[in-house]
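The primary structure of each chain is shown beneath.
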Protein chains: 2
Amino acid sequence: MKILENKTISDVPGFQAVGIYSGVRRSGKKDLCLIYSQKPAVAAATFTKNKVKAAPVLLNMEHVKSENTQAIVINSGNANACTGSEGFEDAVTMAKVTAKELGLTPPEVMVCSTGIIGVPMPMDKITKGIETACKSLDQNHADSAAKAIMTTDTFTKKITVLTHIEGKDIYISGIAKGSGMIHPNMGTMLSFITTNINIEKSLLQAALKNSVEDTYNMVSVDGDTSTNDMVIVLANGLAKNSFITTTNDSYVKFKEALDFVNKTLAKLIAKDGEGATKLIETNVIHAKTKKDAKLCAKSVISSSLVKSALFGSDANWGRILCAIGYADGDFTPEKVDIFFKNPIGSIQVAKDGMGIPFDEDTAKSILEQEYVNILIDLKDGESSATSWGCDLSYDYVKINGCYRT
Amino acid sequence: MKILENKTISDVPGFQAVGIYSGVRRSGKKDLCLIYSQKPAVAAATFTKNKVKAAPVLLNMEHVKSENTQAIVINSGNANACTGSEGFEDAVTMAKVTAKELGLTPPEVMVCSTGIIGVPMPMDKITKGIETACKSLDQNHADSAAKAIMTTDTFTKKITVLTHIEGKDIYISGIAKGSGMIHPNMGTMLSFITTNINIEKSLLQAALKNSVEDTYNMVSVDGDTSTNDMVIVLANGLAKNSFITTTNDSYVKFKEALDFVNKTLAKLIAKDGEGATKLIETNVIHAKTKKDAKLCAKSVISSSLVKSALFGSDANWGRILCAIGYADGDFTPEKVDIFFKNPIGSIQVAKDGMGIPFDEDTAKSILEQEYVNILIDLKDGESSATSWGCDLSYDYVKINGCYRT
């Protein structure tokens with residue numbers, strides 16, 4: 001598997017993508033993205049588990065059942081959430097307009113929105129925007145698509161890999177936006193992946209569902225799950241590899257590449273968490289079960305106390321032990337070892353559930369870096385899990401508390 | 001039931017309490033508290049659910065089984081947590097020394113610690129401190145006991161009520177400390193209650209367990225559960241009411257007063273959360289079940305996004321709807337109404353799961369107060385629940401992130 005620098009979703013054979021400005025975002029930044037597969041494609045998707053689901057999420061839960069999916073239209077600036085039946089009609093209209101322009105049926109179009117909650121959609125602008133986007137698909141737009149799905153993200157998030165199955169070139173490319181929440185109620189995790197692999201729809205869904213569990217679902221910026229979160233994969237089969245209908249070697253190879261793409265995007269989202277000054281990766285190893293490992297890893301990355309300590313580059317291992325202690329995961333407190341690691345170095349701060357003497361300066365030099373790895377060895381089994389997050393900074397509070405003041 | 005201003009736990013007939021400085025806290029503040037019942041008493045207690053339990057918690061889980069409990073010794077400055085077998089021996093020693101001085105057996109003494117995690121106990125200082133405290137019990141110490149259990153609390157937390165059962169004066173008094181976490185790893189919720197009621201031990205335990213569920217367990221400062229949390233009640237029976245052995249009218253009356261005491265202390269703890277600028281009370285009403293109501297109320301009070309918005313006095317109802325959406329509680333999103341209330345006024349910001357136009361200035365004037373009530377009407381049933389917390393401020397991050405820097 002090879003990483004292709006400077007490539008994006010529209011560089012995958014048979015796919016086009018464009019981002020334009022439709023007039024929704026006051027900032028004047030691009031706010032409408034269209035992803036199109038020139039040939040019939042199968043789609044797989046996962047949606048937010050929040051009981052409060054935005055209109056496009058509810059619509060896509062139906063549209064994803066379509067045997068053919070050739071377009072995804074995304075607007076940023078308005079989440080179309082908590083907007084009632086009118087909001088749902090607006091999502092339906094977005095699919096209809098896109099389908100009409102591209103010669104598709106509405107169910108063959110997926111719709112996504114991210115932005116402010118509870119505000120009616122400015123459909124006049126969005127409708128015109130969709131028409132404009134559809135007409136400009138054939139031009140070369142490089143990163144305009146990745147830019148148009150951003151809200152308060154500070155950088156675009158994309159990754160493209162190339163792998164080979166039966167000697168065929170298999171491309172998998174993804175773009176994502178993270179949960180920056182500068183504007184009140186903004187913030188959603190969206191990820192769109194295009195691939196030219198030839199695979200059965202049900203198997204693509206299985207691969208995505210499994211992949212999401214260990215990637216996006218192991219990211220926490222502030223523990224709040226958005227009303228709009230969504231991950232969508234489109235596979236158009238142009239690679240012409242023999243149709244994958246079972247979890248054979250080809251499937252395994254594809255799944256590995258898909259996991260890498262999702263993991264890369266998940267880490268970029270964590271790194272760009274609101275106010276973040278560093279990326280925190282937590283590895284829990286030697287847990288009794290995978291579930292125990294995941295629960296402990298997620299608890300640490302979600303602890304405000306741990307996140308604040310890391311912002312202050314404070315080797316506060318007691319809070320880490322405390323955080324796994326109140327997680328639902330099973331482990332033996334008297335066995336836990338804790339280390340802080342990164343390219344700068346590695347230092348053990350706790351052994352067998354107790355603190356051990358360590359050099360504060362060395363610990364600080366490690367924790368002051370932009371990437372910090374918390375290694376937790378439960379010495380209790382053979383399972384492991386990884387979670388990603390960021391520190392809790394003054395800017396998080398400023399961004400989320402004082403925007404309107 | 002009457003609130004007795006300026007009274008404390010040692011004003012309950014048969015009880016004495018004292019707080020002294022033993023030399024553990026660098027600040028020179030009182031750091032050792034002793035609560036003593038001159039007559040035999042029954043104890044009830046609840047302990048942290050954190051799997052990582054401090055030594056005194058493990059010891060008390062045994063000592064609480066004793067039919068007689070006449071003393072509680074508490075030190076602040078060192079949590080005696082993650083200190084291994086040596087730490088457990090230190091807790092045992094604290095009970096032994098106290099028992100010897102007061103003519104009791106070690107199991108008749110409860111031990112509590114709060115402070116730094118993972119540091120060995122300075123037992124020489126603590127042993128001398130206990131001896132000094134035991135010798136000075138007979139003097140009048142007013143609030144010294146409540147002061148001595150504080151770590152980074154900014155004010156003492158106490159409440160005393162008087163109720164009548166069979167014409168007898170029943171006193172219930174409590175002191176507590178909250179989870180200020182200024183010093184790395186400090187922060188524990190401790191509450192000690194004394195009463196002169198005559199009640200069966202098993203029934204006192206039932207009353208406390210039930211009371212804690214709706215009071216202390218509905219408080220969240222930052223979602224982190226300490227390794228040392230503990231609530232202990234001592235009842236010495238001096239009121240001479242007929243021995244309560246069933247949930248009769250006397251029990252119900254006592255339970256009401258006990259709930260009031262615990263609720264008052266819980267609110268004081270929330271108000272004094274680290275960096276807090278305001279007390280947030282969340283009422284969830286008309287839920288399908290009590291469990292649904294509690295899950296939703298707890299989720300809102302624990303959301304960093306909601307807490308940050310309240311710090312900024314931002315009427316950010318979308319985040320509240322989002323927070324109950326990812327809680328495990330069941331409700332119908334399309335039915336939810338949300339209001340902000342306090343003595344300044346009341347304003348509705350969401351109706352039937354959607355935003356409604358409201359006056360931003362009025363909302364701001366309500367949210368800028370030191371007390372804000374978030375009322376969430378699920379319009380889905382007859383159950384309700386209340387949770388308490390505080391806003392997320394710059395100081396929280398400063399306190400927890402930058403202490404050592």
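Participant: Quick question: what am I supposed to make of the domain arrangement of chain A here?
Facilitator: Size of an interface: often given as the accessible area lost when the parts come together. All names here are of chain A. Partitioning chain A into domains gives domain 1 (2-268) and domain 2 (279-401). Look at where the C-alpha atoms of domain 1 and domain 2 centre, and you get two points 32 Å apart. In this assembly, 13 residues from domain 1 lie in contact with 18 residues from domain 2. Around 1,300 Å² of area is buried between domain 1 and domain 2 when both sides are counted, 57% of it from carbon and sulfur atoms. Linking domain 1 to domain 2 there are four salt bridges. Between Asp 214 and Lys 294 there is a salt bridge whose closest N-O contact spans 3.1 Å. Where domain 1 packs against domain 2, one counts four residue pairs in polar contact (both at pLDDT 80 or more). Where the side of domain 1 that touches domain 2 is concerned, the elements lending two or more residues are helix H5 (201-214), strand E10 (219-220) and helix H6 (249-271). When the residues that make up the side of domain 1 that touches domain 2 are grouped by side-chain class, the tally is five nonpolar, three polar and five charged.

Participant: Before we go on, may I ask you to explain the pairing of strand E16 (residues 371-377) of chain B in this structure?
Facilitator: Regular strands place their side chains on alternate faces of the sheet. Residues and elements named next belong to chain B. Where burial is concerned, most of E16 is hidden: six out of the seven residues are buried. Of the strand pairs in this sheet, strand E12 (residues 279-287) and E16 are connected by seven bridges, and their pairing is parallel. Note on E16: the bridge partner recorded for Ile 280 is Val 372. Sheet topology note: the strand E13 (residues 337-342)/E16 ladder contains five bridges and is antiparallel. The residue bridging Lys 341 from the neighbouring strand is Asn 373, located in E16.

Participant: Sorry, what's going on with the sheet that holds strand E3 (residues 32-37) of chain B here?
Facilitator: Sheet strands pair via backbone hydrogen bonds, and the direction of the pair is either parallel or antiparallel. Residue and element names in this part refer to chain B. In space, the four strands of this open sheet follow the order E2-E3-E5-E6, with mixed pairing throughout. Only two strands of the sheet have a single partner each, and these edge strands are strand E2 (15-20) and strand E6 (109-116). When the angles between neighbouring strand axes are averaged without regard to direction, this sheet yields 10 degrees. Of the strand pairs in this sheet, strand E5 (residues 71-78) and E6 are connected by eight bridges, and their pairing is parallel. The partner of Gly 77 across the bridge, within E6, is Gly 115. Where helix H3 (residues 123-135) meets the sheet, it contacts E2, E3 and E5, and its direction lies at approximately 45 degrees from that of E3.

Participant: Help me understand the pairing of strand E7 (residues 157-165) of chain A, please; the structure alone is not making it clear to me.
Facilitator: Residues and elements named next belong to chain A. Burial analysis of E7 places seven of its nine residues in the buried class, which makes it a mostly covered element. Pairing analysis gives two bridges linking strand E1 (residues 2-3) to E7, with the strands arranged antiparallel. In the strand pairing of E7, Lys 2 is matched with Leu 162. Pairing between E7 and strand E8 (residues 168-177): nine bridges, direction antiparallel. Counterpart to Ile 165 in the pairing with E8 is Lys 168. Turn length for the E7-E8 hairpin, with the two strands adjacent in sequence and antiparallel, is two residues, and the turn residue Glu 166 shows positive phi of about 55 degrees.

What counts, and at which threshold
- Residues numbered from 1 in each chain as written.
- Chains lettered and ligands numbered in written order.
- Predicted model: local features only at pLDDT ≥ 70, side-chain atom pairs only at ≥ 80, totals over all residues.
- Heavy atoms only, no water.
- Domains from an automatic or database assignment.
- Contact = heavy atoms within 4.5 Å.
- Buried area = accessible area lost by both parts, 1.4 Å probe.
- Salt bridge = Lys/Arg side-chain N within 4 Å of Asp/Glu carboxyl O.
- Polar contact = N/O pair within 3.5 Å; in protein donor to acceptor, adjacent residues only side chain to side chain.
- Helix = DSSP H or I, 4+ residues; strand = E, 2+ residues; numbered from the N terminus.
- Nonpolar A, V, L, I, M, F, W, Y, C, P; charged D, E, K, R; others polar.
- Buried < 20%, exposed > 50% of the residue type's maximum accessible area, 1.4 Å probe, protein only.
- Pairing = 2+ DSSP bridges.
- Axes fitted to C-alpha atoms, helices over the stretch in contact; angles between N-to-C directions.

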